[in-house]
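The primary structure of each chain is shown beneath.
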Amino acid sequence: MLQQILDEIPAFAGYKDRQSVFLYANKAYAVLIGLPHSEDVVGRTDFDMPCETVACAPMFQKQDQEVLRSRQPLRILDVHRFADGKWRAFLVTKTPLFGGSSENDEPIGTMFYGVDITSPGIIELGSVLGRIHAGADPKALVGAGSHLVEGFSADTGTLTRREAEILFFLLRGKSAKETAVILSMSRRTVEQHIDKMKQKLGARSKFELIEVAIEAGYMHRIPDSLFSRQLSITLG
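Since we're looking at a predicted model, the values are computed, not measured. (Residues numbered from 1 in each chain as written. Predicted model: local features only at pLDDT ≥ 70, side-chain atom pairs only at ≥ 80, totals over all residues. Heavy atoms only, no water.)

Caption draft 1: Layout of the environment of Y218. Take Y218: it is sitting in the loop between α10 (206–216) and β6 (231–234). A C-alpha to C-alpha distance of 7.5 Å links Y218 and F168, two positions 50 residues apart in sequence. (Helix = DSSP H or I, 4+ residues; strand = E, 2+ residues; numbered from the N terminus.)

Caption draft 2: Expanded view of the sheet that holds β6. Judged by pairing direction, the sheet is antiparallel, and its six strands sit side by side in the order β2-β1-β5-β4-β3-β6 without closing on themselves. A strand with exactly one partner marks an edge of an open sheet, and here the two such strands are β2 (22–25) and β6. The mean angle between the axes of side-by-side strands here comes to 20°, regardless of whether they run parallel or antiparallel. (Pairing = 2+ DSSP bridges. Axes fitted to C-alpha atoms, helices over the stretch in contact; angles between N-to-C directions.)

Caption draft 3: Region of interest: unusual backbone geometry. Non-glycine residue S20 carries a positive phi angle of around 65°. With respect to the helices, strands and loops of the structure, S20 is situated in the loop between β1 (12–17) and β2. At R71, a residue that is not glycine, the phi angle is positive and equals roughly 60°. With respect to the helices, strands and loops of the structure, R71 is situated in the loop between α3 (57–70) and β3 (74–81).

Caption draft 4: Broad picture of the packing of aromatic side chains. Counted by the stated rule, this structure contains nine aromatic pairs. Between Y29 and F112, the ring centres sit 5.4 Å apart and the planes meet at 65°, which makes this aromatic pair edge-to-face. Here Y29 is found in helix α2 (residues 27–33), whereas its partner F112 is found in strand β5 (residues 109–116), with 83 residues between them in sequence. Judged by its relative accessible area of 7%, Y29 falls in the buried class. (Phe/Tyr/Trp six-rings, centres within 6.5 Å; stacked < 30°, edge-to-face > 60°. Buried < 20%, exposed > 50% of the residue type's maximum accessible area, 1.4 Å probe, protein only.)

Caption draft 5: View of the pattern of salt bridges. In this structure the tally under the stated criterion is 14 salt bridges. The closest approach of N and O atoms between E165 and R162, which form a salt bridge, is 2.9 Å. With a gap of three residues between them, E165 and R162 both fall in helix α7 (residues 161–170), about one helical turn apart. Residue classification places E165 among the buried residues on the basis of a relative accessible area of 3%. R162 gets classed as partly exposed once you look at its relative accessible area, which sits at 25%. Sharing partners across several salt bridges, the network here consists of K16, D46, D64 and K94. (Salt bridge = Lys/Arg side-chain N within 4 Å of Asp/Glu carboxyl O.)

Caption draft 6: Representation of the packing of α7 against helix α9 (residues 187–201) in the model. Their axes nearest at 10 Å, the elements α7 and α9 cross at an angle of 95°. One way to sum up the angle between α7 and α9 is to call them roughly perpendicular. Residues R162, E163, I166 and L167 of α7 touch α9, and the partners they reach there are V190, H193, I194, K196, M197 and K200. Counted by class, the contact of α7 with α9 contains five nonpolar, one polar and four charged residues. (Parallel < 35°, antiparallel > 145°, perpendicular 65-115°, else oblique. Contact = heavy atoms within 4.5 Å. Nonpolar A, V, L, I, M, F, W, Y, C, P; charged D, E, K, R; others polar.)

Caption draft 7: Focus on the layout of surface pockets. For the second largest pocket, the calculated volume is near 360 Å³. For the second largest pocket, the lining is made up of 15 residues, of which M59, K174, S232, I233 and T234 are closest to its centre. Of all elements in the fold, only α3, α8 (176–182) and β6 reach the threshold of two or more residues within the lining of the second largest pocket. For the lining of the second largest pocket, the residue count by class is seven nonpolar, four polar and four charged. (1 Å grid on protein atoms, 1.4 Å probe; cavity = no way out; pocket = protein on both sides within 12 Å on 5 of 7 lines; lining within 4 Å. Points joined across faces, edges and corners; volume = space filled by probe spheres on them.)

The following block contains the structure:
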């Protein structure tokens, strides 16, 4: 029954055992990763895929273990060049998989599904889906996506490449220290870029910078420069 559900959803999806060995993945995932049939995924790990995502295999398995430990869903931003050679961004949700009738039992593995958020319009859809998943009233969000994307006004020429990258992670709850690790920079350099962005966008504090950036539409754009390296970043 679970396999049938995963085969019908408009997203890539699958599940693994406690050792991060794939027990199943739908056709969408198999095609994305470069395998002809979904059955070819079974028995493999993230290290065994014919795709550049293997660079993030250690991170994928670390995320799996965190889901098993916490028994809580984990939302992840994945940016990868997949089997067809194209760079795409996905909002991935990993959840514990329970085999018994009670969630008091130990999880038997993890389940995952990913929604393509490469384009600005789909980024907003991913944001809406995430807010619904977090408990927001779907009725209150009706129309919000089209309004926000339609009103997108971010001038990507205002910020440098590095500033746009740092702002992207800042808007998703990452600290200067965490952003520095992601982008292989020093924390001081990240904070210097944040100060410059505050000047450019007329913000007096980091909190105000976030507010101004969201209002300007930066929340709904992935910097083009991020589509050049394999990333798997936990959002919470």
